[in-house]
Amino acid sequence: MQVSKHHHHWRKLKSGCVSIVCFACALAVIAPLGLVLFHLVRLGAGSVDWHFFTALPKPVGEVGGGMANAIVGTLTLLGLAALLGVPVGVLGGIYLSEYGSRRFNWLVRFMADILNGTPSIVWGVVVYALLVIPMKGFSVYAGAVALGFMMIPLILRTTEEMLTLVPNSYREAAYALGIARWKIILHIVVKIASKGIVTGVLLALARVAGETAPLLFTAFGNRFWNHDLKEPIAALPLQIFTYAISPYEDWHRQAWAGALVLILMVLALNIGVRFLTRGKFSARG
Amino acid sequence: MAMFVLALVVLVGWKLFQGSQLTLHKFGWRFLVQSDWDPVNENYGALPFIFGTFVSSIIGVLIALPLSVGTAIYLTELAPNWLRQPVMMLIEMLAAIPSVILGLWGIFVMVPWLRDWPFPFLKKTLGFTPFFQGPIYGVSILAAGIIIAIMILPIITSVSREILRSVPDSQREAAYALGATRWEVTRIAVLSYAKRGIFGATMLGLGRALGETMAVTMVIGNRPEIAKSLFAPGYTLASAIANEFSEATTEVYLSAIFELGLVLLLVTIVTNIVAQLLIGNFGVGKRVPAGH
Amino acid sequence: MTLNSIPLSRLAGQATGIEASSVTPSPVAFDVRDLNIWFGSHQVLFDVALQVPARAVTAIIGPSGCGKSTLLRSLNRMHDLVPSARMEGRITLFGEDLYSKKIDPTLVRRRIGMVFQKSNPFPTMSIAENVTVGLRLNGLRKSDLLQERLETSLRMAALWDEVKDRLNAPAISLSGGQQQRLCIARALAVQPEVLLMDEPASALDPIATAHIEDLILDLKKEFTIVIVTHNMQQAARISEHTAFFYLGKLVEFDTTTKIFTTPAQKQTEDYVTGRFG
């Protein structure tokens with residue numbers, strides 16, 4: 001034992017060093033979040049005023065203007081996307097958890113994971129081929145369908161996960177009362193998991209709210225108000241992108257302001273969801 | 001409804017395939033290995049994009065992997081209990097930042113800083129290798145790699161953390177009982193057990209990296225050339241689609257862009273399948289409700 | 001639609017007027033013949049044959065893993081829900097084949113109430129909603145009838161006095177013993193003919209257990225009760241008949257007195273005297 005005493009100290013030291021390195025890694029991972037938020041507030045806060053939420057963009061050269069149309073556009077797109085993504089995703093998730101053969105469900109789960117990993121730009125291209133070419137133009141519909149398609153696999157997987165968290169004993173108790181299967185699923189199982197399912201939906205919304213790539217050639221963007229769902233529409237992320245890569249100082253300021261508003265929307269959804277899941281069936285046990 | 005998911009997969013593949021018919025016939029496999037992207041003369045080769053996509057993604061993974069695994073180890077093995085949840089929440093918030101916002105921060109904050117400090121330093125110290133030579137523009141494959149690293153840190157970290165958490169405590173206890181230090185326990189009992197899964201997490205991150213569009217488009221410089229230097233601008237499959245789609249006026253041009261999408265889809269699918277196969281065994285995602 | 005019809009068991013009971021006892025043979029509720037059950041390739045029950053008398057308590061005892069819960073769950077077709085389960089044999093309830101292709105398993109389960117080992121009131125529902133959920137989801141809408149069933153069931157489950165002032169409180173606010181009685185009330189509300197109980201008191205403290213046992217003695221005047229228990233004293237206290245299972249086989253089935261005093265089989269004797277394993 002005497003001999004290894006020195007050796008033991010060395011091992012202790014090594015262990016301590018690794019702890020410090022790991023701690024530094026954690027700091028490095030979080031640092032970008034702090035930096036991005038800091039710059040967003042520093043460069044964006046000054047331009048977020050009443051006009052920003054109420055006015056249309058001004059043409060190049062004129063100072064001022066806002067992103068009212070883009071904010072409304074993003075909300076419109078999200079609403080329509082939810083109309084497509086939520087029912088398909090939730091019902092699909094219910095099917096996976098409660099019905100279906102093992103092999104078929106494995107296949108669907110696998111495919112959903114592949115869809116979740118599909119780059120968002122690909123969705124844009126696919127919806128362009130699916131809707132923009134046949135309809136001969138960019139439209140709100142195309143943008144909403146692209147976002148809706150992205151939401152489906154996200155919602156499907158969280159819904160399924162939340163439903164499998166519901167203990168089987170509740171299903172058995174309901175079966176023992178002689179209740180039909182679809183009623184058990186709808187009125188008892190889904191109800192118990194409802195918090196988690198809503199969480200999944202909100203997280204999916206937060207996720208697609210910031211998407212730009214699928215909108216580039218579907219919703220396309222619009223400098224004015226949109227009055228027709230068959231016409232192009234503005235969206236906050238699109239507007240940020242257009243302004244960011246433009247050569248104009250004033251537009252850069254607007255881009256920072258838009259980014260600040262967008263991130264507040266997304267983070268509010270994310271943090272709001274966290275409070276919702278403080279209950280019994282949280283997504284992260 | 002579940003069938004819808006299958007239909008969606010078929011739809012995605014079929015639409016891209018259909019859209020790229022023209023170039024598929026015209027160029028065949030040459031499309032993948034030709035380095036000339038010349039819309040004026042209707043000559044399309046995707047090699048610069050494939051090159052840019054892989055190089056920037058691999059840089060991203062190389063930066064992100066050690067940081068993520070270190071963080072995951074910190075979160076599962078070292079951090080005090082009260083700190084774990086908040087740190088994880090911050091990492092999830094990082095994941096929630098939209099790509100376009102990271103890109104905005106990239107062009108106006110990160111790229112100028114890189115141009116003024118780290119890049120000249122790298123050039124001075126490592127300039128003898130071909131990878132750190134040539135003029136420094138700021139926008140570059142390396143800048144894209146760093147942005148990608150930031151974007152995939154959260155996913156690699158959280159999946160690695162799940163994997164580490166799935167290592168049974170009995171493994172750790174066995175190592176402690178042998179008198180191992182904390183790091184030795186982590187290395188012997190935890191990491192060797194979780195190696196495969198962490199590799200899977202990396203592949204998952206790589207899958208994301210390959211398809212990253214907006215942030216990369218904003219900092220990579222968008223020039224379709226194959227340069228040895230990491231300071232040189234590049235182009236990726238995703239950013240080429242994003243930039244050139246609206247300029248694609250001829251049918252062949254459009255078809256070429258569809259084929260870029262097809263290539264991108266196939267590459268990400270393969271990566272994701274490998275990732276799923278590697279992670280699948282760890283039962284990540286099959287968590288039991290709290291309190292059990 | 002069977003909700004308002006008179007359960008067969010009561011007809012049978014009234015027709016014969018015989019009280020279940022150890023001396024006189026009583027009408028048979030469940031008649032189990034040549035029952036074999038597999039989960040995947042693993043056989044859990046072997047050639048079980050058993051006649052459960054009506055309006056009496058029948059206890060099923062045996063060491064864990066002996067198949068007693070499996071038998072209980074085959075009585076109300078719960079194994080239908082397990083894809084890997086396979087069954088051979090015949091089970092009738094008052095002469096009616098429960099596994100006949102013409103019978104809807106949902107209707108079978110409506111005639112046979114079940115109480116589980118761990119109390120499982122639905123967490124999103126109030127006390128009242130828990131009791132009436134079976135009726136409501138089976139299409140009963142009349143609120144006065146629901147109210148009446150609610151009270152009767154809670155009274156039968158000896159819970160009415162404790163909860164009558166807070167019927168709309170969440171069910172999970174009740175204590176463990178109360179929750180289990182709530183689950184009994186929930187099962188009784190759909191007016192089953194039979195009550196299956198899977199170790200209903202194993203998770204409860206002695207006082208709550210005594211409550212449940214009193215309740216069972218009360219309920220057997222009207223219901224046929226089959227109870228799985230690994231507590232032999234409990235079986236001795238509340239049941240008229242006892243079946244002893246070991247390794248998936250029915251070793252002995254007789255009156256409880258006989259099983260606990262002069263069992264015919266050596267294995268039974270070893271088990272009831274605690275000389276097992």
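As shown above, the structure is provided for reference.
Because the structure is a prediction, the values reported are computed rather than measured.

1. Here's the deal with the environment of Ala189(C)
Residue and element names in this part refer to chain C.
- Relative to the helices and strands, alanine 189 is located in helix H7 (residues 176-189).
- Accessibility expressed as a C-beta count within 10 Å gives 26 for alanine 189, which makes it buried.
- When the C-alpha positions of alanine 189 and serine 143 are compared, they lie 14 Å apart, and in sequence the two are 46 residues distant.
- If we ignore the near neighbours within four places in the chain, the residues touching alanine 189 are Val131, Thr132, Gly134, Leu135, Arg149 and Ser153.

2. Concerning the pairing of strand E1 (residues 28-39) of chain C
Residue and element names in this part refer to chain C.
- Inspection of the sheet shows E1 paired to strand E2 (residues 42-53) by eight bridges, in the antiparallel sense. Looking across to E2, one finds that valine 32 is bridged to leucine 50.
- Count of turn residues in the E1/E2 antiparallel hairpin: two residues, of which glycine 40 carries a positive phi of about 65°.
- As paired strands, E1 and strand E4 (residues 85-93) are joined by eight bridges and run antiparallel to one another. Bridging from a neighbouring strand, valine 32 pairs with isoleucine 91 of E4.

3. Some words on the interface of chain A and chain B
- Across the contact, 69 residues belong to chain A and 68 residues belong to chain B.
- When contributions to the side of chain A that touches chain B are tallied by element, the ones reaching two or more residues are helix H1 (4-44), helix H3 (68-98), helix H4 (102-117), helix H5 (120-135), helix H6 (140-165), helix H10 (236-244) and helix H11 (249-276) of chain A.
- For the side of chain A that touches chain B, the leading source of residues is H1(A), giving 18 residues.
- Looking at side-chain class alone, the side of chain A that touches chain B contains 50 nonpolar, 14 polar and five charged residues.

4. Looking at the packing of helix H1 (residues 2-19) of chain B against helix H13 (residues 251-280) of chain B
Residues and elements named next belong to chain B.
- For the pair H1 and H13, interaxial distance at closest approach is 7 Å and the crossing angle is 145°. In the packing of H1 onto H13, the handedness of the crossing is left-handed. On the side of H1, the interface is formed by Val12, Leu16, Phe17 and Gly19, while H13 contributes Ser255, Phe258, Gly261, Leu262 and Leu265.
- Across the contact of H1 with H13, the residue classes break down as six nonpolar, three polar and no charged.

5. Quick word on the interface of chain C and chain A
- Facing 21 residues of chain C, the contacting portion of chain A comprises 15 residues.
- Put simply, the parts of the chain that give the side of chain C that touches chain A at least two residues each are helix H3 (105-111), strand E6 (112-115), helix H4 (127-137) and H7 of chain C.
- In terms of residue count, H3(C) provides more of the side of chain C that touches chain A than any other element does, four residues in total.
- Of the residues contributing to the side of chain C that touches chain A, the split by class is 10 nonpolar, seven polar and four charged.

Conventions used here
Residues numbered from 1 in each chain as written. Chains lettered and ligands numbered in written order. Predicted model: local features only at pLDDT ≥ 70, side-chain atom pairs only at ≥ 80, totals over all residues. Helix = DSSP H or I, 4+ residues; strand = E, 2+ residues; numbered from the N terminus. Buried ≥ 20, exposed ≤ 12 C-beta atoms within 10 Å, placed from the backbone. Contact = placed C-beta atoms within 7 Å. Pairing = 2+ DSSP bridges. Nonpolar A, V, L, I, M, F, W, Y, C, P; charged D, E, K, R; others polar. Axes fitted to C-alpha atoms, helices over the stretch in contact; angles between N-to-C directions. Left-handed = near helix turned anticlockwise from the far one by under 90°.

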